[in-house]
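Breakdown of the fold
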Amino acid sequence: MEHSAFKPLMIRQSSLTRLGSMLNTAVGNSKKPANGEIQWCFSQVKGTLDDEITEADIISCVEFNHDGDLLATGDKGGRVVIFQRDPGSKTSVPKRGEYNVYSTFQSHEPEFDYLKSLEIEEKINKIRWLRRKNPAHFLLSTNDKTIKLWKVSERDKRAEGYNLKDEAGEMKDRGVLTGLRVPVLKPMELMVEASPRRIYANAHTYHINSISVNSDAETYLSADDLRINLWHLDITDQSFNIVDIKPANMEELTEVITAAEFHPTDCNHFVYSSSKGLIRLCDMRMAALCDRHAKLFEEPEDPANRSFFSEIISSISDVKFSRSGRYMLSRDYLSVKVWDLHMETKPIETYPVHEYLRSKLCSLYENDCIFDKFECCWGNNDQAVLTGSYNNFFRMFDRTSKRDVTLEASREIARPKTTLKAKKICSGGKRKKDEVSVDSLDFNKKILHTAWHPTENIIAVAATNNLFIFQDKF
């Protein structure tokens with residue numbers, strides 16, 4: 001059983017996500033209004049739009065692969081669904097972001113830890129793609145305890161004309177063989193196979209919250225509440241503990257690890273965030289155990305905003321390196337922050353996500369929403385950031401123009417080429433006609449997981465059991 005000291009510190013695991021977005025980075029012939037901002041429009045929605053939702057169908061993580069041709073989602077039922085970009089949508093003018101189901105497989109099953117009398121959920125916490133080296137695709141998926149490496153490959157030919165087997169695969173009577181023939185490959189209907197190549201288990205005492213593949217393409221890290229382990233992709237029975245913040249006396253526990261990620265190009269650097277609002281940059285060249293950080297990123301708390309909830313809302317739920325590797329993006333409960341790796345004292349940019357909820361923290365604490373883990377992600381050129389909010393709203397911030405916009409993923413806009421209209425939230429006083437009152441927000445509808453295409457303005461937004469795909473207006 002996990003220690004009771006975790007409860008005031010941990011931010012509940014929801015499911016995952018990276019996030020990114022933007023307002024001033026158009027692709028190809030995309031249409032832009034006079035102010036230069038991107039106009040986003042609906043492309044597709046995956047999953048049923050019915051009111052009845054099965055718990056197992058709730059999406060828990062979203063991830064594009066490195067070229068954006070594949071988009072993977074994991075859900076609370078332990079399934080992984082991979083979507084492939086329609087080839088025609090890549091070559092059309094202008095380009096369209098349309099994806100079709102490519103493969104679906106059961107990644108994890110529910111288990112029971114008999115030693116600790118604990119149920120281990122099948123929910124997929126994270127998915128990370130490996131860089132492609134051959135015609136097959138490889139990805140890592142993890143639940144609370146076990147990480148698996150999956151190979152996803154295509155087969156469109158089959159061998160026929162065996163000497164010792166008939167067409168049904170049964171062994172022939174060798175007495176009737178009169179000669180030898182060479183088997184031949186014949187075309188068959190395309191089949192996509194997903195097979196587990198490695199299973200990395202029994203290395204984490206606490207729940208895994210992050211996995212990250214190293215730029216060396218040979219190792220990856222996995223992080224739980226108190227430890228970070230380094231794995232070699234080819235070795236399943238051994239990992240190296242590189243961070244351990246567990247105190248000798250658990251009564252002295254003051255923080256937990258909330259997220260961790262490798263640098264996109266420097267294989268020796270990684271960062272991890274904590275429930276205290278700190279981000280530590282570690283260099284594996286300094287020591288085998290990276291308990292002593294190379295850099296510590298922390299913003300001093302404003303005494304004017306100090307409250308009972310300060311420690312909870314300052315906890316960082318996600319941290320992501322920019323694609324260039326120069327900056328970091330962090331998400332706490334009320335804001336996203338951009339950090340320069342060369343400046344530890346404060347973030348260079350801070351964007352309020354839903355500041356209007358500051359007055360509602362008491363009720364959000366009572367209904368447990370204050371523990372929601374929102375993810376964040378970078379746009380395709382690091383000039384925009386994307387993160388989620390409540391009422392199926394998601395927020396985009398343009399780092400160049402400093403403009404921001406609130407958009408909604410809802411069934412009302414689920415029509416081809418429908419342009420998304422900016423939402424305005426009224427936090428008090430008289431509400432205008434086109435504004436949404438804070439009191440009317442649905443806190444059961446939340447955007448926790450998002451992903452941005454690595455090279456184009458296409459975003460994937462997980463809204464409960466639906467995956468919405470949006471793109472710049474064409």
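In short, a report on the structure. None of the values given here were measured: they were computed from a predicted structure.

This part is about the overall build of the protein. If you tally the helices and strands in the protein, you get three helices and 32 strands. Here the protein, with 474 residues, has 51% of them falling under the buried criterion. Residue pairs at least 24 apart in sequence account for 59% of intrachain contacts in the protein once pairs closer than 6 positions are excluded. Just so you have it, the protein exposes about 22,700 Å², and 49% of that area is on carbon and sulfur atoms. Measuring between centres, the 66 positive side-chain charges of the protein sit 5 Å from its 69 negative side-chain charges.

Below, the discussion takes up unusual backbone geometry. With a phi close to 55°, S117 is a non-glycine residue in the positive phi region. One can find S117 in the loop between strand 6 (111-113) and strand 7 (118-120). Even without a glycine there, the phi angle at K402 is positive, about 65°. Assignment of secondary structure puts K402 in the loop between strand 26 (393-398) and strand 27 (404-408).

What follows covers the sheet that holds strand 23 (residues 349-352). Here four strands make up an open sheet; going across it, the order is 20-21-22-23 and the pairing antiparallel. The open sheet is flanked by strand 20 (318-321) and strand 23, the only strands paired with a single partner. Mean inter-strand twist for the sheet, computed between neighbouring axes without regard to direction, equals 15°. Alignment of strand 22 (residues 335-340) against strand 23, held across four bridges, turns out to be antiparallel. Across the sheet, the residue bridging to K337 is T350, located in strand 23.

Bringing the packing of aromatic side chains into the picture now. Taken as a whole, this structure holds 21 aromatic pairs when the rule is applied. On the basis of an interplanar angle of 70° and a centroid distance of 6.4 Å, the ring pair of F42 and F470 is categorised as edge-to-face. Of this pair, F42 sits in strand 1 (residues 40-46) while F470 is found in strand 32 (residues 466-472), placing the two residues 428 residues apart along the sequence. F470 shares its class with F42; the two are buried. Each ring, one from F112 and one from Y114, has its centre 5.1 Å from the other, and the planes form 65°; the classification is edge-to-face.

What follows concerns the environment of W378. Note on placement: W378 falls in strand 24 (residues 376-378). Of the residues examined, W378 reaches a relative accessible area of 3% and is grouped as buried. Separated by 49 residues in sequence, W378 and L329 have C-alpha atoms that sit 7.7 Å apart. Looking at W378, its side chain comes within polar contact range of the main-chain oxygen of K320, at 3.2 Å.

Moving on: the pairing of strand 32. Buried residues dominate strand 32, accounting for seven of its seven residues. Both strand 1 and strand 32 contribute to a ladder of six bridges, which runs antiparallel. When the sheet's bridge partners are listed, Q44 is paired in strand 32 with I469. Connecting strand 31 (residues 458-463) to the next strand, strand 32, in antiparallel fashion are two residues, including T464 with a positive phi near 60°.

Moving on, we come to the sheet that holds strand 14 (residues 227-232). Pairing is antiparallel in the open sheet, where four strands are placed in the order 12-13-14-15. With partners counted over all chains shown, the strands left at the sheet margins are strand 12 (210-213) and strand 15 (239-244), one partner each. If you compare each strand with its neighbour and ignore which way they point, the axes differ by 20° on average. Here strand 14 runs beside strand 15; their pairing, made up of five bridges, is antiparallel.

For the rest of this paragraph, the subject is the environment of N100. Counting through the fold element by element, N100 comes out in strand 5 (residues 99-106). According to the relative accessible area criterion, N100 is partly exposed, its value standing at 38%. Separated by 82 residues in the primary sequence, N100 and V182 place their C-alpha atoms 38 Å from one another. Within the structure, N100 has its side chain in polar contact with the side chain of D86 (distance 3.4 Å).

Before going further, it helps to spend a moment on the pattern of salt bridges. Evaluated as defined, the whole model comprises 29 salt bridges. The shortest N-O distance in the salt bridge between K126 and E375 comes to 3.1 Å. Here K126 is found in strand 8 (residues 126-129), whereas its partner E375 is found in the loop between helix 3 (361-366) and strand 24, with 249 residues between them in sequence. When sorted by exposure, K126 lands in the same class as E375, which is buried. In this structure, the salt-bridge partner of D283 is R285, at a minimum N-O distance of 2.8 Å. Among the ionic contacts, a cluster of salt bridges with common partners joins D57, D75 and R79.

Quick notes on the rules
- In this numbering scheme, every chain counts its residues from 1 along its sequence in written order.
- Local features in this predicted model are restricted to residues whose pLDDT is 70 or higher, and side-chain atom pairs enter the listing and the counts only when it is 80 or higher, whereas totals over whole chains, interfaces and linings include all residues.
- Excluded from the side-chain calculations are hydrogens and water; all other atoms, namely the structure's heavy atoms, are used.
- Secondary structure elements are defined from DSSP: runs of H or I of at least 4 residues count as helices, runs of E of at least 2 residues count as strands, and each element is numbered from the N terminus.
- Relative accessibility thresholds used throughout: buried, under 20% of the residue-type maximum; exposed, over 50%; partly exposed, between the two (1.4 Å probe, protein chains only).
- Whether two residues touch is decided by their heavy atoms; if any such pair falls within 4.5 Å, the residues are in contact.
- Accessible areas in this description were obtained via Shrake-Rupley with a 1.4 Å probe; residue shielding takes into account the shown protein chains only.
- Positive charges come from Lys and Arg alone, negative charges from Asp and Glu alone, with His and the N- and C-terminal ends not counted.
- Taken as the charge centre is NZ of Lys, CZ of Arg, CG of Asp or CD of Glu, depending on the residue.
- A pair of strands is considered paired only if DSSP assigns at least 2 bridges between the two.
- Here the axes come from fitting lines to C-alpha atoms, over the contacting stretch only for helices, and the angles between their N-to-C directions go from 0 to 180 degrees.
- Each Phe, Tyr or Trp ring (for Trp, its six-membered ring) is paired with any other whose centre lies within 6.5 Å, and the angle between the two planes then decides the class: stacked below 30 degrees, edge-to-face above 60, tilted in between.
- In protein, a polar contact means a hydrogen-donor-capable atom and an acceptor-capable atom, both N or O and within 3.5 Å, with residues adjacent in sequence counting only if both atoms are side-chain atoms; elsewhere, any N or O pair within 3.5 Å suffices.
- Each salt bridge in this description consists of a side-chain nitrogen of Lys or Arg and a carboxyl oxygen of Asp or Glu lying within 4 Å of one another.

Remember that the coordinates give geometry; whether it matters functionally is a separate question.
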